[in-house]
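Single-letter residue listing:
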Amino acid sequence: MLLLIALAVGGIVPVQTAANSRLRLSVGNRPIVSALISFSVALACAVLATLALVGDPVPHVPGGAPWWVWLGGVLGACFVMGNIMLFPVLGAVETVVLPILGQVAMGLLIDRFGLFHSPLMDVSVLRLIGAAVVFVGIVVTLRGGADVFGSSAGGPSVWIYRAVGVVIGMGSAAQTAINGHLGIITGSAYYASEINLTVGVALLLIAVLVTSPRQLTRRPEPGPWWMWLGGITGAIFVVAGASLSPILGTATTVIAFNAGTIAGGQLLETVGAFGARKSPLNARRVAGLVLIFAGILAVRLL
C-alpha cells in the first residue's frame, strides 16, 4: 500500500511541472519567480495542514540535531534552479533522465551506508539489476537511447551540464532522506516539510531579488485555475517523501516517485490534460512502463 502511495505521489509531479510552467507565462516568463510562488504556496499549504492535523504549526528542532537537517530546502531549491538551467541546453529528455540516474544511484548509496541516519538496507545484486531495469524502462519510455544522448548542445562543455544533471538528482535523493530524518526528530513529517519549504522560499527569494526584483511588485496575469496547483502538489510531494523514506528506504521511495512521475506524464499526454500536448500511448511506451514497474518491484522485494 505504501508503495502504491509513493507511485501516486510521483504521478502528481507532472501536474506540478505543468502548473509551474503555465504560471511562468503569467509572471513575465520568469521561471525563478514562478518557482518562488510555487514554493510559497506549498509552504502555506504545509502550515495549514500542520495546524489542522498536528495542532501546533511551529516546528521545534531539538538541540544537538546534525547541521545537515537544514539542507533539505537548499537541495530542493537547487533542484528547481538546476532544471531551469539545464533545460535550454540539454533539452527535455536529458533534463528528466539524468537527475533520475543521480536519484537512483544516491538512493542506493543512502540505503547501503545508512547516510543521513537512514535505516540500513542491503543493496543486493538483484536490487542493482532492478534499478538498472528501471533506468532502461525510463529510457525506452522517453523515446529511446538515441534521444537520451542526442541533445542540441555540442562540445565538451555539454558533459559539464550532464554532470550537473546527475548531481542535482543525487541532491534530490539526499533531500528525501534528510527530510525523513527531520520528520523523525521533530515528531512529524509536516514539521519537516515546513522547514524544508521555508529554507527553499528564502533561497528562491534571494535569487529573485538578484535577478528580477521588479517582478515582485507585479501581479501575475490571469490564467487557468490549475496554474496555482504547483504549490499544492509540491507540498504533498515533500510531506510524502519525509513520511515514506524512513519506512520504504530512500532508494525505493525515489524510484517509486520517478516511476509515478513517468506514468503520470504519459497519462497527461494521452488525454492532453493541463495544457499537455496530446500524444497517444503506443507499444514502446507501454513496454517502457512495464519495465519501470518490474524494476521497482525488484528493488523493493529482492
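Residues numbered from 1 in each chain as written. Predicted model: local features only at pLDDT ≥ 70, side-chain atom pairs only at ≥ 80, totals over all residues. Heavy atoms only, no water.

What follows deals with the overall build of the protein. Counting secondary structure elements, the protein contains 11 helices and 0 strands. Going from N to C terminus, the protein has its helices and strands arranged as α-α-α-α-α-α-α-α-α-α-α. In the protein, the share of contacts with a sequence separation of at least 24, taken over all contacts with a separation of at least 6, comes to 80%. Just so you have it, the protein exposes about 13,700 Å², and 72% of that area is on carbon and sulfur atoms. (Helix = DSSP H or I, 4+ residues; strand = E, 2+ residues; numbered from the N terminus. Contact = heavy atoms within 4.5 Å. Areas by Shrake-Rupley, 256 points an atom, 1.4 Å probe, with all protein chains shown as cover.)

A word on the UniProt feature "transmembrane region" (unreviewed entry) in the protein. UniProt's feature table lists "transmembrane region" (unreviewed entry) at residues 33-55, 67-90, 96-113, 125-146, 158-178, 190-210 and 225-248, given in the numbering used throughout. As a span, residues 190-210 carries 100% helix and 0% strand, and end to end its C-alpha atoms are 30 Å apart. (UniProt positions renumbered as here; feature names shortened; annotations may be inferred.)

The next point concerns helix α9 (residues 229-248). Spanning 20 residues, α9 covers 27 Å between terminal C-alpha atoms, matching the ideal 28 Å at 1.5 Å per step. Where α9 bends most, the angle comes to about 25°, and this point is A242, followed within four residues by the proline P246. Where α9 terminates, the next one or two residues include G249, which has phi positive at roughly 95°. (Expected span 1.5 Å × (residues − 1). Bend = angle between axes of the 7 residues up to and from the residue.)

Moving on to the side chain of D111. Relative to the assigned elements, D111 resides in helix α4 (residues 71-113). The residues touching D111, leaving out its near neighbours within four places in the chain, are P119, L120, M121, V123, R127, G249, T250, A251 and T252.

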